[in-house]
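# Summary of structural features
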Amino acid sequence: IHNIKVNFIAVDDGSHDNTVKLLKKEQQNKQDFHLIKLSRNFGAVYSLQAGIEYAESILSDAVVYLASDMQDPPELITPMVEQWLSGNKFIISVRKKRDDPVLTKCFSWLYYKLFTKFIIKNFPKKGFDMMLLDKQVLAEFIGCNEKNFTPQQLVFWLGFEPHIIEYDRKKRAAGKSTWTFSKKF
């Protein structure tokens, strides 16, 4: 429908499988494919930050963040881009339900309950990971220089009115999360 140039930025956060090899093969075939390989596993926050900073460096008009665990459906990118094209600068995909283990759901519920009570009152009660940031939001985010944050919370805190798209979060497609009990605690 729209003539949009898309760049795909993959950030490898210290994977121990065939991921980098497959991504490098993909990168050879496409000019619009960019690979950032971190030297070790730094975690989702730092890999997201690396991808966002790289996107700004190639003068992106908007950035969509999507984790590779496939719990957030890529099919949401199209309605997110449509909302961006209609003028929204900050689009988030908010979970209606989560298909996660009981303990994960309990920690998540408690975390967001406390977070919305004491920190950001209007933050989505079940959180979000997937988001689209317009270049204006992107510039504000990068300009914050915060050290202890999660990107979703920092972007939300900036005060841009989010357009919300709801979805049901699925189980992880493959692999096992490294977000352990102690990290969650």
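Residues numbered from 1 in each chain as written. Predicted model: local features only at pLDDT ≥ 70, side-chain atom pairs only at ≥ 80, totals over all residues. Heavy atoms only, no water.

The next subject is the overall build of the protein chain. Helix and strand content of the protein chain: seven helices and six strands. Reading the protein chain from its N terminus to its C terminus gives the helix and strand order β-α-β-α-β-α-β-α-β-α-α-β-α. Across the 185 residues that make up the protein chain, the buried fraction comes to 39%. Sequence separation of at least 24 residues holds for 74% of the intrachain contacts in the protein chain that already meet a minimum separation of 6. Counting only carbon and sulfur atoms, one obtains 55% of the accessible surface of the protein chain, whose full area is about 12,100 Å². (Helix = DSSP H or I, 4+ residues; strand = E, 2+ residues; numbered from the N terminus. Buried < 20%, exposed > 50% of the residue type's maximum accessible area, 1.4 Å probe, protein only. Contact = heavy atoms within 4.5 Å. Areas by Shrake-Rupley, 256 points an atom, 1.4 Å probe, with all protein chains shown as cover.)

In this section: the nonpolar core. Here is a general trend for soluble globular proteins: nonpolar side chains tend to be buried in one another's company. Formed by 26 residues in total, the largest nonpolar core has its most connected members in Ile52, Phe90, Phe128, Met131 and Leu133. Going through the elements one at a time, α2 (44-57), β3 (62-65), β4 (90-98), α4 (102-118), β5 (128-134), α5 (135-143) and α6 (151-157) are the ones with two or more residues in this core. Excluding residues within four positions of it along the chain, Phe128 makes contact with Phe90, Ile92, Ser93, Val94, Arg95, Tyr112, Phe123, Gln152 and Phe156. By size, the runner-up hydrophobic cluster in this structure holds nine residues, among which are Met80, Val81, Ile91 and Met130. (Core = buried A, V, L, I, M, F, W, Y, C linked by side-chain atoms within 4.5 Å.)

In this section: the packing of α2 against α5. Two elements in contact, α2 and α5, have axes whose closest approach is 10 Å; the angle formed by their N-to-C orientations is 125°. Considering their axes alone, α2 and α5 lie oblique with respect to each other. Every pair of crossing elements has a handedness; the one defined by α2 and α5 is left-handed. Mapping the contact onto sequence places Ile52, Glu53 and Glu56 in α2 and Leu138, Ala139, Phe141 and Ile142 in α5. (Axes fitted to C-alpha atoms, helices over the stretch in contact; angles between N-to-C directions. Parallel < 35°, antiparallel > 145°, perpendicular 65-115°, else oblique. Left-handed = near helix turned anticlockwise from the far one by under 90°.)

Turning our attention to the sheet that holds strand β6 (residues 163-169). Strand order in the open sheet formed by four strands is β3-β5-β4-β6, with mixed pairing between adjacent strands. Edge positions in the open sheet fall to β3 and β6, since each of these has one partner strand only. Adjacent strand axes in the sheet meet at a mean angle of 15°, parallel and antiparallel pairs treated alike. As paired strands, β3 and β5 are joined by four bridges and run antiparallel to one another. Its bridge partner being in β5, Val63 is matched across the sheet by Leu133. Running at roughly 35° to β5, helix α3 (residues 77-85) makes contact with β3, β4, β5 and β6 of the sheet. (Pairing = 2+ DSSP bridges.)

The subject of this paragraph is the packing of aromatic side chains. All told, the structure shown has 10 aromatic pairs when counted by the stated rule. Plain terms: the ring middles of Phe8 and Phe33 are 4.9 Å apart, the flat faces sit at 25° to each other, and that makes the pair stacked. Linking Phe8 in strand β1 (residues 8-12) with Phe33 in strand β2 (residues 33-37), this pair joins segments that are 25 residues apart in sequence. Looking at Phe8, the relative accessible area reads 46%, which means it is partly exposed. Among the aromatic residues, those joined into a ring-pair cluster are Phe90, Tyr111, Tyr112, Phe115, Phe123, Phe128 and Phe156. A cation sits over an aromatic face here: Arg40 above Phe42, 4.0 Å from the ring centre. Sitting over the face of the ring of Phe118, Lys117 holds its NZ or CZ atom 5.8 Å from the ring centroid. (Phe/Tyr/Trp six-rings, centres within 6.5 Å; stacked < 30°, edge-to-face > 60°. Lys NZ or Arg CZ within 6 Å of the ring centre and 35° of its normal.)

Our next topic: the environment of Asp134. Note that Asp134 resides in strand β5. We classify Asp134 as buried; its relative accessible area is 10%. For the pair Asp134 and Leu85, spaced 49 residues apart in sequence, the C-alpha separation works out to 10.0 Å.

One non-glycine residue, Leu59, adopts positive backbone phi at about 60°. Considering the arrangement of structural elements, one finds Leu59 in the loop between α2 and β3. Among the residues examined, Leu59 registers a relative accessible area of 71% and is labelled exposed.

What follows covers the side chain of Gln153. Take Gln153: it is sitting in helix α6. Taking relative accessible area as the criterion, Gln153 reaches 13% and is therefore assigned buried. Every residue in contact with Gln153, bar those within four places of it in the chain, is listed here: Tyr111, Phe115, Ile120 and Phe123.

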